Amino acid sequence: MYVPDAIIQQDQSWLLYLNRLGNSSWDSFWLYMTHIETWIPAYVVLILLIYHLWGWRRATITLVFIGLLILCADQTSNLIKHAVKRYRPCWDPVIGDQVRLVQGFFGGKYGFSSGHAANHFALAFFLGKILHPYARYAIFLLLMWAGMIAYSRVYIGVHYPLDILSGALLGLGLGFAFNKLYTKFFFVF
């Protein structure tokens, strides 16, 4: 896949700028945001809310949809990573030594597109849309949450901004598609 050098250089510049904004007083917060232990309780609360609103049957079906959504977002992101083969900033031979790594965190070799961004934006859109009749602003809060998780990947030095943007767009598209399937399922079922 050809990407003009000017875009690659701009992406590298943005990464270095945003990554260097970090300092040791914020490192623990952004590390916390990037790890799974942070997300699971928040998503469990949302599933419990769905159970409270609609009961176990719909909560279980919603969990199945969420599982399939995450599987789809994660695997699509991985397929893109291995097709594009763009190095993560921390592995990039051009700027790797300039990246501020938080606790030496690396991850896999390739980063385009971000699985974290794809998964969280997909889930944020999907849950935000199904909760909209009961919590009008839930989608905005969930998308902000997804954005913070996605930004944490730039902060710790393992994704370029375009990795995050492509992952977010992938996630939003999949969240939209799964929401359409979900609403059709419940109108038919």
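Worth saying up front: this structure is predicted, and the values here are computed from it rather than measured.

Caption draft 1: Region of the structure containing the overall build of the protein. For the protein, the count of helices and strands is seven helices and zero strands. Secondary structure elements of the protein occur, N-terminal to C-terminal, as α-α-α-α-α-α-α. Dimensions of the protein, computed from C-alpha atoms along their principal axes, come out at roughly 55 × 40 × 25 Å. Counting only residues that meet the buried cut, the protein has 45% of its 189 residues in that class. Pairs at least 24 residues apart make up 82% of the contacts formed inside the protein by residues separated by at least 6 positions. For the protein, the exposed surface amounts to about 10,200 Å²; the carbon and sulfur share of it is 69%. For the protein, the separation between the mean place of its 14 positive charges and that of its 8 negative charges on side chains is 15 Å.

Caption draft 2: Region of interest: unusual backbone geometry. Note the cis peptide between F112 and S113, where omega equals 10°. Following the sequence through the fold, S113 ends up in the loop between α4 (56-84) and α5 (115-131). Not every positive phi belongs to a glycine, and K85 is a case in point at roughly 55°. Its place among the elements puts K85 in the loop between α4 and α5.

Caption draft 3: Representation of the pattern of salt bridges within the structure. According to the stated counting rule, one finds three salt bridges in the structure shown. Notably, a salt bridge pairs R86 with D11, separated by 2.6 Å at the nearest N-O pair. Highlighted residues: R86 in the loop between α4 and α5 and D11 in helix α1 (residues 5-20), separated in sequence by 75 residues. Both residues of the pair, R86 and D11, count as buried.

Caption draft 4: Highlighting the nonpolar core. Counting residues in each nonpolar core, the largest one holds 47 residues, and the members touching the most others are L15, I50, F126, L127 and I130. Mapped by element, the contributors of at least two residues to this core are α1, α2 (24-34), α3 (36-54), α4, α5, α6 (138-155) and α7 (161-188). Excluding residues that lie within four positions of it along the chain, I130 makes contacts with I50, W54, T62, N179 and Y182.

Caption draft 5: Spotlight on α5. Counted at 1.5 Å a residue, the expected span for α5 with its 17 residues is 24 Å, and the 24 Å between its end C-alpha atoms agrees. Most of α5 sits inside the fold, with 16 of its 17 residues counted as buried. Where α5 begins, one side-chain oxygen reaches toward the backbone nitrogen of H116, 3.4 Å away; that side chain belongs to S114.

What counts and how
- Residues numbered from 1 in each chain as written.
- Predicted model: local features only at pLDDT ≥ 70, side-chain atom pairs only at ≥ 80, totals over all residues.
- Heavy atoms only, no water.
- Helix = DSSP H or I, 4+ residues; strand = E, 2+ residues; numbered from the N terminus.
- Buried < 20%, exposed > 50% of the residue type's maximum accessible area, 1.4 Å probe, protein only.
- Contact = heavy atoms within 4.5 Å.
- Areas by Shrake-Rupley, 256 points an atom, 1.4 Å probe, with all protein chains shown as cover.
- Lys, Arg positive; Asp, Glu negative; His and termini not counted.
- Charge placed at Lys NZ, Arg CZ, Asp CG, Glu CD.
- Salt bridge = Lys/Arg side-chain N within 4 Å of Asp/Glu carboxyl O.
- Core = buried A, V, L, I, M, F, W, Y, C linked by side-chain atoms within 4.5 Å.
- Expected span 1.5 Å × (residues − 1).
- Polar contact = N/O pair within 3.5 Å; in protein donor to acceptor, adjacent residues only side chain to side chain.

Just distances and angles here, no functional claims.
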